[in-house]
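Close look at the chain arrangement
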Amino acid sequence: MNQLTFLGTGDAMGVPRVYCDCDVCTEARLMGENKRKRSSVLIDGGDGDGTSEQFMIDCGPDWRSQMEDQGLRMVHTLLITHAHFDHIGGLPEWADACRWLGVKGRLYAPREVIATIQGQFPWLGRHVDFLETDGGIELGGWKVHSWKVCHGHNGYSYAYRLDQGGYSWAYCSDAIDLKTSEKEPLHGLDMLVLGTSFVHELAEFSTRSVYDMREAQELLRELKLGHTYFTHMSHDVDVRQNYNLDQGITIALTGMKVPLGTLKLEMNA
Ligand SMILES: O=c1ccn([C@@H]2O[C@@H]3COP(=O)(O)O[C@H]3[C@H]2O)c(=O)[nH]1
């Protein structure tokens, strides 16, 4: 059975934020329900049929401790959404692990993301094969499609849609203000992982880079899909609170596992 595991559900700073003593950051330090490492997920087939290649989406600076949290010794294949530090900061450690294990890691990303990564970490090519997703790829039995999405003040990110056996889901951690064409691959999904940094972000719109929960719910009402998990959450989100989110939305928690392709989830609409 394919499953997705949330390795981290935090925004660029993680929770607690290093400089912050707000209630959420304090709870994260003292108890830990709100402790959030930088966002990434693990996709695991595990059914031994040869189509179950394990891979991660994104490899932020918490990669090493996320591997330890899950009791994982190695993941050979990564999909990268964009070349921002909170999504690629773990690549040098991952490449070092490839080196010490004597394996060539496989890093899949859109062509322009690969170029930026190679500029930032020019030595990675010794231990990593860079593979472009632009024309579509097959990975772990999934047909994978990447496309560019608006990341507001931070430029552009990419989202991934994965299809297998009539089941489709997407990972879109860093997006805001999606245009009609950017929303197109999100229609009719069985499941979506969507970034929502704040519950209601008050900062001026031009300075923002990720949907808040209010805007995300408007988007989801339009898309009419199965189930949505919110990730990439800042210290504005307190997982102990009930935000009265629409039916079919779950705030993702670290370690949460979601079956992929086994359940046809109920439609929201
Ligand atoms: O060109 C850039 C721009 C930004 N960044 C990082 O990505 C983060 C995105 O969220 P943020 O805006 O809160 O913080 C940003 C930085 O940590 C980066 O690595 N390269």
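Residues numbered from 1 in each chain as written. Predicted model: local features only at pLDDT ≥ 70, side-chain atom pairs only at ≥ 80, totals over all residues. Heavy atoms only, no water.

- Per an unreviewed UniProt entry, the chain is named Phosphoribosyl 1,2-cyclic phosphate phosphodiesterase, and its organism is Paenibacillus xylanexedens.
- Regarding the chain, the relevant UniProt record gives this comment under Function (unreviewed entry): "Counteracts the endogenous Pycsar antiviral defense system. Phosphodiesterase that enables metal-dependent hydrolysis of host cyclic nucleotide Pycsar defense signals such as cCMP and cUMP." (UniProt positions renumbered as here; feature names shortened; annotations may be inferred.)

So, the overall build of the chain
- When you go through the chain residue by residue, the secondary structure sums to 7 helices and 14 strands.
- Whereas a compact globule of 269 residues would reach a radius of gyration of roughly 18 Å, the chain reaches 18 Å, a difference of no more than 12%.
- Overall, the chain is about 50 × 45 × 35 Å in size when its C-alpha atoms are taken along their principal axes.
- Within the span of the chain, comprising 269 residues, buried residues form 54% of the whole. (Helix = DSSP H or I, 4+ residues; strand = E, 2+ residues; numbered from the N terminus. Rg over C-alpha atoms; globule rule 2.2 N^0.38 Å. Buried < 20%, exposed > 50% of the residue type's maximum accessible area, 1.4 Å probe, protein only.)

Notes on the confidence of the model for the chain
- Across the chain, pLDDT averages 94, with 94% of residues at or above 70.
- Scored below 50 in pLDDT, residues 263–269 shows 16 contacts in the model against residues more than four places distant or in partner chains.
- Interface predicted TM-score (ipTM) for the complex: 0.91; the corresponding pTM is 0.95. (pLDDT = per-residue confidence, 0-100. Contact = heavy atoms within 4.5 Å.)

Quick word on helix α7 (residues 213–223)
- Regarding α7, the residues found buried are Met213, Glu215, Ala216, Gln217, Leu219, Leu220 and Leu223.
- As for α7, its buried residues are in contact with α6 (180–183), β11 (191–195), β12 (227–231) and β13 (249–251).
- Phi turns positive one or two residues past the end of α7, at lysine 224, with a value near 55°.

Some details on the site of the ligand
- Around the ligand lies a shell formed by Ala12, His84, Phe85, Asp86 and Asn154.
- Histidine 84 is positioned with one of its side-chain polar atoms (N or O) 3.5 Å from an oxygen atom of the ligand.
- In the environment of the ligand, an oxygen atom lies 2.7 Å from a nitrogen or oxygen atom belonging to the backbone of phenylalanine 85.
- Protein contact buries 48% of the 430 Å² of open area that the ligand shows by itself.
- Along the lines of polarity and charge, the residues of the shell around the ligand split into 2 nonpolar, 2 polar and 1 charged. (Near = heavy atom within 4 Å. Polar contact = N/O pair within 3.5 Å; in protein donor to acceptor, adjacent residues only side chain to side chain. Areas by Shrake-Rupley, 256 points an atom, 1.4 Å probe, with all protein chains shown as cover. Nonpolar A, V, L, I, M, F, W, Y, C, P; charged D, E, K, R; others polar.)

Quick notes on the state of the cysteines
- Per the stated rule, a full pass over the model turns up 0 disulfides.
- The thiol sulfur of cysteine 20 is not disulfide-bonded, and the nearest other cysteine sulfur, from cysteine 22, lies at 3.6 Å.
- Looking at cysteine 172, it has no disulfide partner, and the nearest cysteine sulfur is the one in cysteine 150, 10 Å off. (Disulfide = S-S within 2.5 Å.)

Quick notes on the pattern of salt bridges
- Under the criterion given, the structure shown has 18 salt bridges.
- Aspartate 69 is the salt-bridge partner of lysine 37, the closest N and O atoms lying 2.7 Å from each other. Taken as a pair, lysine 37 in the loop between α1 (23–30) and β2 (40–44) and aspartate 69 in helix α2 (residues 63–70) lie far apart in primary sequence, 32 residues in all.
- A salt bridge links glutamate 201 to arginine 208, with the nearest nitrogen and oxygen atoms 2.9 Å apart.
- We classify glutamate 201 as buried; its relative accessible area is 15%.
- In this structure arginine 208 comes out as buried when scored by relative accessible area, which is 3%.
- It is possible to trace a salt-bridge network through shared partners that takes in Glu201, Arg208, Asp212, Arg214 and Glu215. (Salt bridge = Lys/Arg side-chain N within 4 Å of Asp/Glu carboxyl O.)

Points about the sheet that holds strand β3 (residues 55–57)
- The sheet built from 7 strands is open, its strands ordered β6-β5-β4-β3-β2-β1-β14 with mixed pairing. Lying at the two open borders of the sheet, with one neighbouring strand each, are β6 (128–132) and β14 (257–260). Neighbour-to-neighbour, the strand axes of the sheet open up by a mean angle of 25°, direction not taken into account.
- Where strand β1 (residues 2–8) meets β2, 5 bridges bridge the pair, whose relative direction is antiparallel. (Pairing = 2+ DSSP bridges. Axes fitted to C-alpha atoms, helices over the stretch in contact; angles between N-to-C directions.)

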